[in-house]
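# Per-entry structural report
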Amino acid sequence: MNAKILLTLVLPLVFNPGCVSREVSRTPGSYFTPERDRESDRLDPLDVSAQISWRMIGAVEYDDFSIPLSSPDGRFLAVRAGAPPAWSAILARPDAQRLPVVPFEILRLNAAGVESLQTIRGPWLLGRSADEIGFLVEGYRPDGGRRIGRVDWVTGEVTWLIDDEFVNAFATIAVDGTLAWCRRSVDARGLDLMVRRPDGHTWTIKSQFDRSWLDPVIAPDGRTIFALRKGDGTVEIAWSRLTERSRFEEGMQTIPISIRTNDRLVYSMLAPQTGIAASPPGGPPRLIFLHPDLGRMIEWSPDRDLARPFSEGAMAVSMLDTDRGIAMSKDGLFLTELTSVAGGVPTSILLSSDVAIPRRSGLKEDPILLLRPDSGRYELYLAHLNDPN
């Protein structure tokens, strides 16, 4: 199976030696980089047995770049096909041009397989989030602004949620309808962080000190928000609460991640974790992201203040519960159990040498959806884990 597109475009990182987790310090200048482990600390996968069983249910064309977007319950899937978007549009840069009209296919999963509901067309990017009503898209206006829409899973109709003269990008939507996104004027570079609550009130944290906001994520509790803040070669994780306006705007805290990154590496931090995969249910509010220096997935929660690394080279994850998940690396699919103590190492067992992006399917018998990129299409598999433990 050819995974070259996924490994080189979506996740363009060098795989470094292993690491263990440590407690995160909030003091300025203390960087969020889990410590390296020793070769002797690594688990022998022969010590534990686990198996995964899957069946192919179909295939769908895609644009050789975008990762499909699932509904929160896993029953629907949106896939962008056609020509891949330009990096200037992906990163919402001032030099971005209008996007080509491309097809978006809406799929529905069930126990029998996959059903194609319909194909719609539009000059849009596939968004980063979805709710039970539909999935988000983003497209440019004739005046240079950029708007945020939601495509209904069933009807395919687009409702424009944010449609004004600003460049609006990187949106996410919560279960209660709270919308978070980033915004700048057409001729500006720095992006502000925006939140619109269900009652219509809008909150703002301005871009400052040459730092720009990116990729907000609302946790399943609806009370916690995460975001990235990018500077000149730097990136930080930020978090706050959504309990009230002053708590959000004045209580935002940041944690340094890297001082040697660039726009594409910052984009890759959350690119593999679309929808609820970035902050999955089943545990405390948490963010799962690809560390730009370590080249592996990391879980961090403000409730634990603990960085929990996945195994070496992990590039996409779907959590099964609080501590266990299916992780993809260039070497295949792994069942991974995260450590619960500072300085511990994750336990990882090879399930398959095939490379596929794991997601939740929402189906009881086969709760795992696997997306295998293959020459401009995704092969779709439903899977379940046979775990003796």
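Residues numbered from 1 in each chain as written. Predicted model: local features only at pLDDT ≥ 70, side-chain atom pairs only at ≥ 80, totals over all residues. Heavy atoms only, no water.

Moving on to the sheet that holds strand β19 (residues 297-301). Taken in spatial order, the 3 strands make up an open sheet running β18-β19-β20, and their pairing is antiparallel. Strands with a single pairing partner mark the edges of an open sheet, and in this sheet they are β18 (287-290) and β20 (306-309). For this sheet, the mean angle separating the axes of adjacent strands, direction not counted, is 25°. Relative to β19, β18 runs antiparallel, the two sharing 4 bridges. Each bridged residue has a counterpart across the sheet, and for F289 the counterpart in β19 is I298. (Pairing = 2+ DSSP bridges. Helix = DSSP H or I, 4+ residues; strand = E, 2+ residues; numbered from the N terminus. Axes fitted to C-alpha atoms, helices over the stretch in contact; angles between N-to-C directions.)

The next thing to look at is the pattern of salt bridges. Charged atoms that come close allow side chains of opposite charge to pair. A complete count under the given rule lists 26 salt bridges for this structure. Between R141 and D143 there is a salt bridge, and its shortest N-O distance comes to 2.6 Å. For D143, a relative accessible area of 41% translates into the label partly exposed. (Salt bridge = Lys/Arg side-chain N within 4 Å of Asp/Glu carboxyl O. Buried < 20%, exposed > 50% of the residue type's maximum accessible area, 1.4 Å probe, protein only.)

It is worth spelling out the packing of aromatic side chains at this point. Within this structure, the stated rule accounts for 11 aromatic pairs. Ring centres of W54 and Y381 lie 6.2 Å apart, and the angle between their planes is 65°; on these two criteria the pair is classed as edge-to-face. In this pair, W54 sits in strand β1 (residues 51-61) while Y381 sits in strand β27 (residues 377-386), placing the two residues 327 residues apart along the sequence. Judged by relative accessible area, which is 8%, Y381 ranks as buried. Directly above the ring of W160 sits R147, whose terminal nitrogen or CZ lies 3.8 Å from the centroid. Positioned above the aromatic ring of F166, the side-chain terminus of R183 is 4.0 Å from the ring centre. (Phe/Tyr/Trp six-rings, centres within 6.5 Å; stacked < 30°, edge-to-face > 60°. Lys NZ or Arg CZ within 6 Å of the ring centre and 35° of its normal.)

This brings us to unusual backbone geometry. Glycine aside, residues mostly have negative phi, and peptide bonds are mostly found in the trans state. A positive phi angle, near 60°, is found at F170, a position not held by glycine. The topology assignment puts F170 in strand β10 (residues 167-173). Given the relative accessible area of 7%, F170 is considered buried. Positive phi, close to 50°, is recorded for S375, a residue that is not glycine. By secondary structure assignment, the location of S375 is in the loop between β26 (368-373) and β27.

If you walk across this open sheet you meet the 4 strands as β14-β15-β16-β17, and the pairing is antiparallel. Looking at which strands have only one partner, the edges of the open sheet turn out to be β14 (212-218) and β17 (253-258). The average undirected angle you get between the axes of adjacent strands in this sheet is 25°. Across 7 bridges, the pairing between strand β15 (residues 224-230) and strand β16 (residues 235-241) is antiparallel. If you follow R229 over to β16, its bridge partner there is E236. In the packing of helix α4 (residues 263-270) onto the sheet, contacts are made with β14, β15, β16 and β17, and the angle to β15 comes to roughly 165°. (Contact = heavy atoms within 4.5 Å.)

The subject of this paragraph is the pairing of strand β3 (residues 76-80). Burial analysis of β3 places 5 of its 5 residues in the buried class, which makes it a mostly covered element. Here β3 shows two buried faces, one formed by F76, A78 and R80 and the other by L77 and V79. Bridging between strand β2 (residues 69-70) and β3 involves 2 bridges; their strand directions are antiparallel. For L69, the partnering residue across the bridge sits in β3 and is A78. Adjacent in sequence and paired antiparallel, β2 and β3 are bridged by 5 residues, among which G74 carries a positive phi angle near 80°. The pairing of β3 with strand β4 (residues 102-110) spans 5 bridges and is classified as antiparallel. The partner of L77 across the bridge, within β4, is L107.

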